[in-house]
Amino acid sequence: MTIKVVLADDERLVRSGFTALLDLEDDITVAGEAENGAQAWEVACATRPDVVLMDIRMPRLDGIEATRRIAATPGLEQVRVLILTTYDTDENVFDALRAGAAGFLLKDAGPAELLHAIRVVAAGDALLAPRVTRRLIGHFTARRRAAESATHRLAVLTDREREVLALVGRGMSNDEIGATLFVSPATARTHVGRMMTKLGARDRAQLVVIAFQTGLTSPDD
């Protein structure tokens, strides 16, 4: 299947570079472009892409609000937002994940990383393993943990579901969780699905955020 991508960045040169790269791939096509968050939402509504490559800092409507709008729009439930960020400056990436983003990509990533990230996000795997992702989320959530305690949210989970959530926060796949807890991958997948329902998480990425938020997973894990 061809992965449809929308490029949202206020710099035309950046969009052109991404387009030139993606056009070389047989399984990826550029479905549209946007120079601000409002346009990103409009193009997403019109084209129903698989992935929106979203810059955070854009005029009119920033990438965070555009992500939140896409996540809240009926009919766009399958659209995955991949945030573009710079590790040292974009503290807003945590807010973007909470808004519904599936993951993020560092702006200095190479072509191979970009293509891999698009394919991973399109497949629904989001934040499963990248070490830098866990470090970034941990960096920001550790500073917010004291002011934003969400421990009460875990009251709806069983002890086993808390164990699974901690392992999801460490970036483990269902196969790895199953091997760690001596259960089948299907059982691990069932636990993950139930947790998403109980915690109101849109996808696995938001489970990672909750794991850090509540202290089940720490940046040192």
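Structure's up top.
Parameters and conventions
- Residues numbered from 1 in each chain as written.
- Predicted model: local features only at pLDDT ≥ 70, side-chain atom pairs only at ≥ 80, totals over all residues.
- Heavy atoms only, no water.
- Helix = DSSP H or I, 4+ residues; strand = E, 2+ residues; numbered from the N terminus.
- Buried < 20%, exposed > 50% of the residue type's maximum accessible area, 1.4 Å probe, protein only.
- Contact = heavy atoms within 4.5 Å.
- Areas by Shrake-Rupley, 256 points an atom, 1.4 Å probe, with all protein chains shown as cover.
- Axes fitted to C-alpha atoms, helices over the stretch in contact; angles between N-to-C directions.
- Parallel < 35°, antiparallel > 145°, perpendicular 65-115°, else oblique.
- Left-handed = near helix turned anticlockwise from the far one by under 90°.
- Nonpolar A, V, L, I, M, F, W, Y, C, P; charged D, E, K, R; others polar.
- Core = buried A, V, L, I, M, F, W, Y, C linked by side-chain atoms within 4.5 Å.
- Pairing = 2+ DSSP bridges.
- Right-handed = clockwise from strand over helix to strand, strands pointing away.

*Asks:* What is the right way to look at the overall build of the protein in this model?
*Replies:* Scanning the protein from terminus to terminus reveals 10 helices and 5 strands. Expressed as a percentage of the 221 residues in the protein, the buried residues total 48%. Here the analysis covers contacts within the protein between residues at least 6 apart in sequence; of these, 69% occur between residues at least 24 apart. Working note: accessible area of the protein is about 10,500 Å², and carbon and sulfur atoms make up 51% of it.

*Asks:* Explanation requested: the environment of valine 183 in the structure shown.
*Replies:* Note on placement: valine 183 falls in the loop between helix 8 (174-181) and helix 9 (185-199). Residue valine 183 is classed as partly exposed on the basis of its relative accessible area, which comes to 25%. Setting aside anything within four residues of it in sequence, one finds valine 183 in contact with Arg160, Gly178 and Ala188.

*Asks:* Quick question: what am I supposed to make of the environment of valine 208 here?
*Replies:* Residue placement: valine 208 occurs in helix 10 (residues 204-213). Overall, valine 208 belongs to the buried group, its relative accessible area being 2%. In this structure, the C-alpha to C-alpha distance between valine 208 and leucine 165, residues 43 residues apart in sequence, is 7.7 Å.

*Asks:* Would you mind going over the packing of helix 2 (residues 37-47) against helix 3 (residues 63-72) with me for this structure?
*Replies:* Packed helices, taken two at a time, are described by the angle between their axes plus the distance between the axes. Following both chains from N to C, one finds helix 2 and helix 3 inclined at 25°, their axes separated by 8 Å at the closest point. In terms of orientation, helix 2 lies roughly parallel with respect to helix 3. Every pair of crossing elements has a handedness; the one defined by helix 2 and helix 3 is right-handed. Of helix 3, the residues touching helix 2 (which contributes Gly37, Ala40, Trp41 and Ala44) are Ala66, Arg69 and Ile70. By residue class, the composition of the contact of helix 2 with helix 3 is 5 nonpolar, 1 polar and 1 charged.

*Asks:* Any chance you could explain the environment of alanine 20 here in plain terms?
*Replies:* Looking at the secondary structure, you find alanine 20 in helix 1 (residues 12-22). Along the chain, alanine 20 and valine 30 lie 10 residues apart, while their C-alpha atoms are 9.6 Å from each other.

*Asks:* Honestly, the side chain of glutamine 206 in this entry has me stumped. Any pointers?
*Replies:* Along the chain, the position of glutamine 206 falls in helix 10. In this view, glutamine 206 contacts Leu97, Arg98, Ala99, Gly100, Gly200 and Ala201; residues no more than four positions away in its chain are not counted.

*Asks:* Can you help me understand the nonpolar core in this one?
*Replies:* The nonpolar side chains of soluble globular proteins are, as a tendency, buried together. In this structure, Ala8, Val52, Met54, Ile70, Val81, Ile83 and Ala101 are the most contacted members of the largest nonpolar core, which totals 26 residues. For this core, the elements supplying multiple residues, two or more each, are strand 1 (3-8), helix 2, strand 3 (51-55), helix 3, strand 4 (80-85) and helix 4 (93-99). One finds Leu154, Leu165, Val168 and Leu207 within the second-largest nonpolar core, a separate group that totals 19 residues.

*Asks:* Would you mind going over the pairing of strand 2 (residues 28-34) with me for this structure?
*Replies:* For a regular strand, the rule is simple: side chains alternate between the two faces of the sheet. Taken together, the 6 bridges between strand 1 and strand 2 define a ladder with parallel strand orientation. Across the sheet, lysine 4 pairs through a bridge with threonine 29, a residue of strand 2. In terms of handedness, the path from strand 1 via helix 1 over to strand 2 forms a crossover that is right-handed.

*Asks:* Any chance you could explain the sheet that holds strand 5 (residues 103-106) here in plain terms?
*Replies:* In sheet architecture, strand pairing relies on hydrogen bonds along the backbone and comes in two forms, parallel and antiparallel. Reading across from one edge, 2-1-3-4-5 is the order of the 5 strands in this open sheet, with parallel pairing throughout. In this open sheet, the two edge strands, each paired with only one partner strand, are strand 2 and strand 5. Within the sheet, the average angular offset between the axes of one strand and its neighbour, ignoring direction, is 25°. Here 5 bridges tie strand 3 to strand 4, and the two strands are oriented parallel to one another. Counterpart to aspartate 55 in the pairing with strand 4 is leucine 84. Along the sheet, helix 2 makes contact with strand 1, strand 2 and strand 3, crossing strand 2 at roughly 135°.

*Asks:* Even after reading the chapter, I still don't get helix 7 (residues 159-169), so can you show me in this structure?
*Replies:* Helical periodicity: at 3.6 residues per turn, an α-helix aligns residues three or four positions apart in one direction. Among all positions in helix 7, only Glu161, Val164, Leu165, Ala166, Leu167, Val168 and Gly169 are buried. Of the residues one or two after helix 7, glycine 171 is the one with positive phi, at around 90°.

*Asks:* Looking at this model, I keep getting lost on unusual backbone geometry. Mind explaining?
*Replies:* Outside of glycine, negative phi angles account for most residues, and trans bonds account for most peptide bonds. Even without being a glycine, arginine 60 presents a positive backbone phi close to 65°. A positive phi angle, close to 60°, is found at phenylalanine 182, a residue other than glycine. Residue placement: phenylalanine 182 occurs in the loop between helix 8 and helix 9. What makes phenylalanine 182 exposed here is its relative accessible area of 76%.

Honestly, that's just the spatial picture; any functional story needs more than this.
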